[in-house]
Amino acid sequence: MTIVVRFPPSPTGFMHIGNARTALFNWLYAKHHGGKFLLRIEDTDRERSTPEAVEVILQGLQWLGMDWDNKNYPGRNYYSQFAERERHAAVAQQLLTEGKAYYCYCSPEELEAMRAEQKAKGQPMRYDGRWRDRSASEAPAGVNPVIRLKAPLTGETVVRDLVLGEVTVQNTQMDDMVLLRADGTPTYMLAVVVDDHDMGITHVMRGDDHFTNTFRQVQIYKAMGWDVPQFAHFPMILGPDGGKLSKRHGAASVTDFRDQGYLPEALINYLLRLCWAHGDDEIISVEQAIAWFDMDGVGKSAARFDYTKLSSLNAHYIKQRPDRELTQLVQPFLETRLSRALTAAETARLTQAMPDLKPRAQTLLEIADMAKFYFDAQPLDEKAQKLLTPEAKQVLTDLAVRLDTLDDFTTEAVEAACRGYAEEKGLKLGNVAQPLRAAISGSTVSPPIFGAVALIGKDEAQRRLRSAA
RNA sequence: GUCCCCUUCGUCUAGAGGCCUAGGACAUUACCCUUUCACGGUAGUAACACGGGUUCGAAUCCCGUAGGGGACGCCA
């Protein structure tokens, strides 16, 4: 049997990182087993669904490198739940005809009152089935009814979850859920089941916030006489404080991470290790992940998102990337910071500086910040100003003269000149390099300064030296 | 309130009854390297939620307690 999984986001804003993790686990599972990974946009909520949000999801998946296998639909390259609304309604009608569902004429206000009363009395909040056995002749005039499932009143529903194991819930714990709204549109419960069935989904794998829904969905499968798929529920990803992970923690959507200079491979590697492990392995390539990923490695407890660990992984993958690729990735960030475009020569310079830049950065944004002074003179920060004592300024004046005599303005030549100067004056190299660093970079902290001086060139170096001295 | 799930270093986790004096990674501390900051290297601090069982033996199995999370919509 070919394994078919799906990723069903609803296009109501951004793509939460928890959703990305769910997508990743599904994608990996499909790849590992040679199955199919399908994308279904759950756009039945017309109020909140937007084409922009769909685009964000599509781009997010592409950026992370997760390709989906169902792209041939009229007018779009993903399965749209909304497009199937007639099919969903037909299923509800079928259930109605077969006596497995019924019309309920309760108004939203009436239901709200019912729940309020139940809550006040400390009773479980459930629809009490008041229209379950009433005949249509009692229907109030002018009210569009919803269709509810006539759920079993006795017995129990069992789910064998690939992660959580076998769990049983008494049917008395579940009420008659709404399948079709008064306006004829399907509810989520109906739509997922019908779509999963129609799409031939063999494994429904999602966040465990859906776990209790599963029991209700199984009732729909049974009512329709359909095979129940395998289920797997992954623990949730929490914020560092144990609460819901949100933007207030720093970043929560795929777009946020991209815009903050994280590499997709770092994010993938990090996400992979949340709630999943393969022995002591930490740095795992996508190829390796495909080979290793399976349900037996998935844990049961929720994980907290740790930005620090993500950053260290990002730093690792930055070091792995070729300089040219990094240049391309960093350039947009840098141009924003410089408020101007880089010339071709400057782009080449960025690539040359990259070996000095990349071991020092955790994000592409940090590289851009660090690289600014290679292109435009930066104002001296407080520490740099403090460092430029009269003695230090004398050093700068002397250095300007020395550097002017260099024919070959290479890293080695600059370094040799500085070392020679320090030796002559009986100064420690640091007493020469630090003022030089301050003058050239505007800061007391920078990539190796001799190389930077060489890259900036003699003229610009002279300018900065004189202006600081 | 009802139901469901979870619980190993600060964090992510390894661990499928003896291999555990509980391992790795990130973070953290110290030292080495060094023109600054990093990188890299070496060493260190740090955890089986609690209480009962079962067993010759439990982080691992069972039962309670506590704590955390989730679900209870004509949202998905």
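Cut-offs and rules
- Residues numbered from 1 in each chain as written.
- Chains lettered and ligands numbered in written order.
- Predicted model: local features only at pLDDT ≥ 70, side-chain atom pairs only at ≥ 80, totals over all residues.
- Heavy atoms only, no water.
- Pairing = 2+ DSSP bridges.
- Helix = DSSP H or I, 4+ residues; strand = E, 2+ residues; numbered from the N terminus.
- Contact = heavy atoms within 4.5 Å.
- Axes fitted to C-alpha atoms, helices over the stretch in contact; angles between N-to-C directions.
- Domains from an automatic or database assignment.
- Buried area = accessible area lost by both parts, 1.4 Å probe.
- Parallel < 35°, antiparallel > 145°, perpendicular 65-115°, else oblique.
- Left-handed = near helix turned anticlockwise from the far one by under 90°.
- Nonpolar A, V, L, I, M, F, W, Y, C, P; charged D, E, K, R; others polar.
- Buried < 20%, exposed > 50% of the residue type's maximum accessible area, 1.4 Å probe, protein only.
- Polar contact = N/O pair within 3.5 Å; in protein donor to acceptor, adjacent residues only side chain to side chain.
- Phe/Tyr/Trp six-rings, centres within 6.5 Å; stacked < 30°, edge-to-face > 60°.
- Right-handed = clockwise from strand over helix to strand, strands pointing away.
- Near = heavy atom within 4 Å.
- Expected span 1.5 Å × (residues − 1).

Draft legend 1. View of the sheet that holds strand β2 (residues 36-41). Strand order in the open sheet formed by three strands is β1-β2-β3, and the pairing between neighbours is parallel. Single-partner strands in this sheet number two, and they are β1 (4-7) and β3 (79-80). Note that β2 and β3 share two bridges and pair parallel. Counted as the bridge partner of arginine 40 is tyrosine 79 from β3. Packed onto the sheet, helix α1 (residues 17-32) meets β1 and β2 and runs at close to 165° relative to β1. Helix α2 (residues 51-64) contacts β1 and β2 of the sheet and is inclined by roughly 160° relative to β2.

Draft legend 2. Here's a closer look at the domain arrangement of chain A. When cut into domains, chain A gives domain 1 (4-80 + 237-304), domain 2 (83-234), domain 3 (321-374) and domain 4 (382-468). Computed over C-alpha atoms only, the centres of domain 1 and domain 2 are separated by 27 Å. Taken together, the contact pairs 21 residues of domain 1 with 21 residues of domain 2. Here domain 1 packs against domain 2, burying approximately 1,900 Å² in sum over the two surfaces, 59% of which is carbon and sulfur.

Draft legend 3. Here's a closer look at the sheet that holds strand β5 (residues 146-149). Read from one edge of the open sheet, three strands run β4-β5-β8, paired in antiparallel fashion. On the outer flanks of this sheet lie β4 (101-104) and β8 (178-180), each paired with one strand and no other. Adjacent strand axes in the sheet meet at a mean angle of 45°, parallel and antiparallel pairs treated alike.

Draft legend 4. Focus on the packing of helix α16 (residues 411-425) against helix α18 (residues 449-456). Between α16 and α18, whose axes approach to 8 Å, the crossing angle comes to 125°. By the angle between their axes, α16 is oblique relative to α18. Considering only the axes of α16 and α18, their crossing is right-handed. Contacts between α16 and α18 pair Thr411, Val414, Glu415 and Cys418 from the former with Phe450, Gly451, Val453 and Ala454 from the latter. The residue inventory of the contact of α16 with α18, partitioned by class, reads five nonpolar, two polar and one charged.

Draft legend 5. A look at the side chain of aspartate 176. Tracing the backbone shows aspartate 176 in the loop between β7 (165-170) and β8. Of the residues examined, aspartate 176 reaches a relative accessible area of 5% and is grouped as buried. Side-chain polar atoms of aspartate 176 contact the side chain of tyrosine 102, separated by 2.6 Å. A polar contact is formed between the side chain of aspartate 176 and the side chain of arginine 132, at a distance of 3.1 Å. Setting aside residues up to four positions removed in sequence, aspartate 176 forms contacts with Tyr102, Tyr127, Gly129, Arg132, Arg148, Leu149, Lys150 and Ala151.

Draft legend 6. A look at the packing of aromatic side chains. Applying the stated criterion across every chain yields a total of 14 aromatic pairs. Centre to centre, the rings of tyrosine 73 and tyrosine 79 are 5.8 Å apart; their planes meet at 90°, and the pair counts as edge-to-face. Exposure remark for tyrosine 73: the relative accessible area of 25% places this residue in the partly exposed category. Residue classification places tyrosine 79 among the buried positions, given a relative accessible area of 6%. Every member of this aromatic cluster is reached through a ring pair, and the members are Phe257, Tyr262, Tyr270, Phe305 and Tyr307.

Draft legend 7. Looking closely at the environment of glycine 35. Here glycine 35 lies in the loop between α1 and β2. Distance in space between the C-alpha atoms of glycine 35 and methionine 205 is 14 Å, their sequence separation being 170 residues. Beyond its immediate chain neighbours, meaning those up to four positions away, glycine 35 contacts Thr2, Ile3, Ala30 and Asp69.

Draft legend 8. Representation of the pairing of strand β10 (residues 230-234) in the model. Within β10, four of the five residues are buried, leaving the element largely enclosed by the surrounding structure. Relative to β10, strand β9 (residues 203-207) runs parallel, the two sharing five bridges. Bridge assignment links histidine 203 to a residue of β10, and that residue is glutamine 230. Following the backbone out of β9, through helix α6 (residues 211-224) and into the adjacent parallel β10, one traces a crossover that is right-handed.

Draft legend 9. How the structure looks around the protein's contact with RNA strand B. Around RNA strand B, the structure places 64 residues, and the nearest of them are Gly122, Arg181, Cys275, Arg360 and Arg437. One nitrogen or oxygen atom from the main chain of proline 359 is found 2.9 Å from a sugar or linking oxygen belonging to RNA strand B. Proline 448 places a polar main-chain atom, nitrogen or oxygen, 3.3 Å from a base oxygen of RNA strand B. Elements that contribute at least two residues to the surface near RNA strand B include exactly α4 (108-120), β5, β7, α6, β12 (303-304), α10 (307-320), α17 (429-441) and α18.

Draft legend 10. Representation of helix α19 (residues 458-468) within the structure. Listed as buried for α19 are Glu460, Ala461, Gln462, Arg464, Leu465 and Ala468. Residues of α19 that are buried sit in contact with α15 (390-404), α17 and α18.

Draft legend 11. The arrangement of the environment of glutamate 460 in detail. On the secondary structure map, glutamate 460 appears in helix α19. You can call glutamate 460 buried: its relative accessible area is 18%. As a C-alpha pair, glutamate 460 and glutamine 123 span 337 residues in sequence and 78 Å in three-dimensional space. Here arginine 463 takes part through its side chain, which lies 3.0 Å from a polar atom of the side chain of glutamate 460.

Draft legend 12. Molecular detail of α1. When the terminal C-alpha atoms of α1 are compared, their 22 Å separation across 16 residues agrees well with the 22 Å that a helix rising 1.5 Å per residue should span. Taken from the residues just after α1, glycine 34 is the one with a positive phi, measuring 65°.

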